[in-house]
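Close look at the chain arrangement
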Amino acid sequence: MNQSKRREILTRLRAENPHPTTELNYSTPFELLIAVILSAQATDVGVNKATDKLFPVANTPQAILDLGLDGLKEYIKTIGLFNAKAENVLKTCRILVEQHGGEVPESREALEALPGVGRKTANVVLNTAFGWPTIAVDTHIFRVSNRTKLAPGKNVVEVENKLLKVVPAEFKVDVHHWLILHGRYVCVARKPRCGACLIEDLCEYKDKTET
């Protein structure tokens, strides 16, 4: 795919959704961090149902520590892998209180040192909470990047590096939201909705559908 085609794809996605953001509910960097930790192998809808009850009660590291492990589990028990996630959240909250004054650090290294936080989670927090031009590659972005040929790669790191290389600076802050939403609702896994896709004529996928 050439660069002019990439720019046109991103221009169209931006025109359709000028101010994209995560579908996770949050109002502070800490709430976003916890929501993203909980969202691993879970849906945003499922996470929101839990955090909509949790955050009004406890939305700071100390408040979640005060809940304790069993108290936290009561709020998140509807989310997959909630036992392990609860332990990671409490460990993360303890580190935030003891090492970062209860604040979420604006640092990749510090974020990735938190339990339950990998590169993807750190990228989401840096991008969505702090406006960094990072690109968190999940299954949707990996699929869309490869299927359209926007930024093909054999694994998520390759796709992330390719996107960082080929996406023009003006699109970098928002591109991961556009691609996630596109993969979630249009370029879906089993049968992409090519007939309803605003970039179908630019996409280089060979097995397009009519729906």
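The structure contained in this document is the topic of the report that follows. The model shown is predicted, which means the values in this text are computed figures rather than measured ones. (Residues numbered from 1 in each chain as written. Predicted model: local features only at pLDDT ≥ 70, side-chain atom pairs only at ≥ 80, totals over all residues. Heavy atoms only, no water.)

Points about the layout of surface pockets
In plain terms, the rule: Cavity means a closed set of points on a 1 Å grid over the protein atoms alone, one where a 1.4 Å probe fits but cannot get out, pocket means an open set with protein on both sides within 12 Å along at least 5 of 7 lines, and lining means a residue has an atom within 4 Å of a point. Grid points are joined across faces, edges and corners, and a volume is the space filled by probe spheres set on the points. Numbering of helices and strands runs from the N terminus, with a helix taken as a DSSP run of H or I at least four residues long and a strand as a DSSP run of E at least two residues long. Note on residue categories: nonpolar means Ala, Val, Leu, Ile, Met, Phe, Trp, Tyr, Cys or Pro, charged means Asp, Glu, Lys or Arg, and polar means any other residue, Gly included.
The volume enclosed by the largest pocket comes to roughly 740 Å³. What lines the largest pocket is a set of 34 residues, among which S39, D44, K120, D138 and R184 lie closest to the centre. Contributions of two or more residues to the lining of the largest pocket are made by α2 (29–38), α3 (44–54), α7 (119–128), α8 (139–148), α9 (156–166) and α10 (169–185). Broken down by element, the residue count for the lining of the largest pocket peaks at six residues, all from α10. The residue inventory of the lining of the largest pocket, partitioned by class, reads 14 nonpolar, 13 polar and seven charged. Every residue lining the second largest pocket is listed: L13, E16, N17, W178, L181, H182, Y185, V186 and L198. At the level of elements, α1 (3–16) and α10 are the ones that each hand at least two residues to the lining of the second largest pocket. Here the residues of the lining of the second largest pocket are counted per class, giving six nonpolar, two polar and one charged.

Details of the environment of E210
Note the following rule: Type-normalised accessible area, obtained with a 1.4 Å probe on protein chains alone, sets the label of each residue: buried when under 20%, exposed when over 50%, and partly exposed for intermediate values.
Assignment of secondary structure puts E210 in the segment after α10. What makes E210 exposed here is its relative accessible area of 80%.

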